[in-house]
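Residue strings, one per chain:
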Amino acid sequence: MDCKFVPSVCSYCGCGCGVLFEVIDGKINSTIPLKSHPVNHGQLCIKGWNLHEYINSFMRLKTPLIKENGSFQRATWDEAIGHTASEFKRIKKEFGPDSIGVLVSAKITNEENYLAQKFTRAVIGTNNVDHCARL
Amino acid sequence: MDTIKQIEQLILQNKVDIFLGYKDLDGHLIPHGFTKENLDELKDLQISDNRYSLEKVATHLTEKNPDIKIGIIARDCNKRALNLLYTWNQLNPENIETIDVNCCPSPLKSHSDCSYLEPRQSGEFKKENGVDYNIEPEAFMGKFDNNERLTRWMYEFNKCIKCYGCRNICPVCFCKECSLEHPNLVEPGTLPVEVPIFHLIRAAHMAGRCIDCGLCEEACPAHIPLRLLYREVNEIVSNVFDYKPGCSDEKSPFSVLGGDVVLEPKPMDFKYKEKNNGL
Amino acid sequence: MTVKRIAFVQELLKFIGLEGRLHLEWISSAEAQKFVEVVTNFTEKIRAMGPNPLGIETVANGAMKYGHN
């Protein structure tokens, strides 16, 4: 059995409290605050205490899904990406680039967030990009 | 350091499968599990000033593998927590090895390793309107009358943000279905939390369990003096039931249904008759 | 077990400042007279003590006075 603690930063709001993930046999088991962190000094709010819940949640998607006739059907990655790209092109042509908005998330990495906003600004050509932690 | 040699011996002689200690990572001392595979990391082992709840990690490991042998760095408060977990059947004393480390300073020890030696100072506003961190329970009872005590505690409890930090970090809290999440006792999804029932439920559950480590107060973002409240709970249990959690092998008085009960219900006191002048 | 718990909670409430509002009495269903006496006495005692200071107004006043929302 293997047990180690990995320090990280809470992904929810903009405060950035330090957390420690308790990793047992390669799987995250629980979250505790990092006592020597300058921002939170060992205290967390309820969102920070439950960071480990969504990582291994049974509710996470396992395959891409496309909505057909009002219900979601399983699809492959190629189908999903192709469908999304053709829809974006159609909407941008018909209604203009400012009709598309992109909402990024606190639960994805900083690099993915950067990629999403670059995509929105450079490829789609709109400024309508925002983040849940800005609220 | 001698401690490192001792731990190395314990691991190499297979007396423990995993040893829980602290490791330095970029200036932060965090808990770490040392095993045979990563023995070379032992040289980074340090006894940290910051205290983490290693007993809770031990219970998580035991949950997954009941036969695992665990070694722990133990101060006095850790030893009390381990004793208590033995009486509640959460850990097996034959599977746990402890290495004792320094606790509070005394003439016998050269230095101390505890973050609770510098307790938080209460500011002026807190002392005037709320409850001082460092006051003793008897002094608190003697200094203020009923109404004043209530107002001060309500001031403190109203700051609670229901983060469940006190329960999550407590080394002796292990219930799978916590009463604090029961929809009939605590309304789910409401903030602010219903004072004072939330804290009184927790205090009632700490009877016979709290070992006074102080981690709850350190983890509370609203600076509620929880340690004082649970110290009072421990005093009540000690006075009425003559039981000190973690200091012996007996089971808590609240865990035994029936049994010999020598308490009698208290009679009602009729002070009101004097107030109403016998009307 | 009940006696243990009630004794403990009475002391805890005293510490918080809600003294004397909890009482335990063992009464059989055949002792109707005793039941009436105990309930009347307790009601009078609580009436003399006044309403529970944790009424909604007190909590709201306390919160407003100390600046919480």
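See above for the structure.
Here we summarise the structure given alongside this text.

Rules of the game
- Residues numbered from 1 in each chain as written.
- Chains lettered and ligands numbered in written order.
- Predicted model: local features only at pLDDT ≥ 70, side-chain atom pairs only at ≥ 80, totals over all residues.
- Contact = placed C-beta atoms within 7 Å.
- Helix = DSSP H or I, 4+ residues; strand = E, 2+ residues; numbered from the N terminus.
- Axes fitted to C-alpha atoms, helices over the stretch in contact; angles between N-to-C directions.
- Nonpolar A, V, L, I, M, F, W, Y, C, P; charged D, E, K, R; others polar.
- Buried ≥ 20, exposed ≤ 12 C-beta atoms within 10 Å, placed from the backbone.

To continue, consider the interface of chain C and chain B. Each side of the interface is counted separately: chain C has 30 residues, and chain B has 32 residues. Those elements that place two or more of their residues in the side of chain C that touches chain B are α1 (2-16), α2 (32-49) and α3 (56-65) of chain C. Considering every element that reaches the side of chain C that touches chain B, the biggest residue donor is α1 of chain C, with ten residues.

Listed as interface residues are 29 residues of chain B and, on the opposing side, 22 residues of chain A. Elements with a contribution of two residues or more to the side of chain B that touches chain A: β1 (18-25), β2 (28-34), α2 (54-64), α7 (165-169) and α9 (215-219) of chain B. The element that contributes the greatest number of residues to the side of chain B that touches chain A is β2 of chain B, accounting for six residues.

Each pair of packed helices can be described by the angle between their axes along with the distance between the axes. Residue and element names in this part refer to chain B. Running from amino to carboxyl end, α2 crosses helix α3 (residues 76-87) at an angle of 35°, the nearest separation of the two axes being 9 Å. Packed against α2, whose contacting residues are L54, E55 and T59, the element α3 presents N78, A81, L82 and L85 at the interface. By residue class, the composition of the contact of α2 with α3 is four nonpolar, two polar and one charged.

Below, the discussion takes up the environment of Q13 of chain B. Residues and elements named next belong to chain B. Relative to the helices and strands, Q13 resides in the loop between α1 (2-12) and β1. The exposure class of Q13 is exposed, given the 8 C-beta atoms found within 10 Å. Separated by 143 residues in the primary sequence, Q13 and E156 have C-alpha atoms spaced 51 Å apart.

Note that all results are geometric; they support no functional claim without further evidence.
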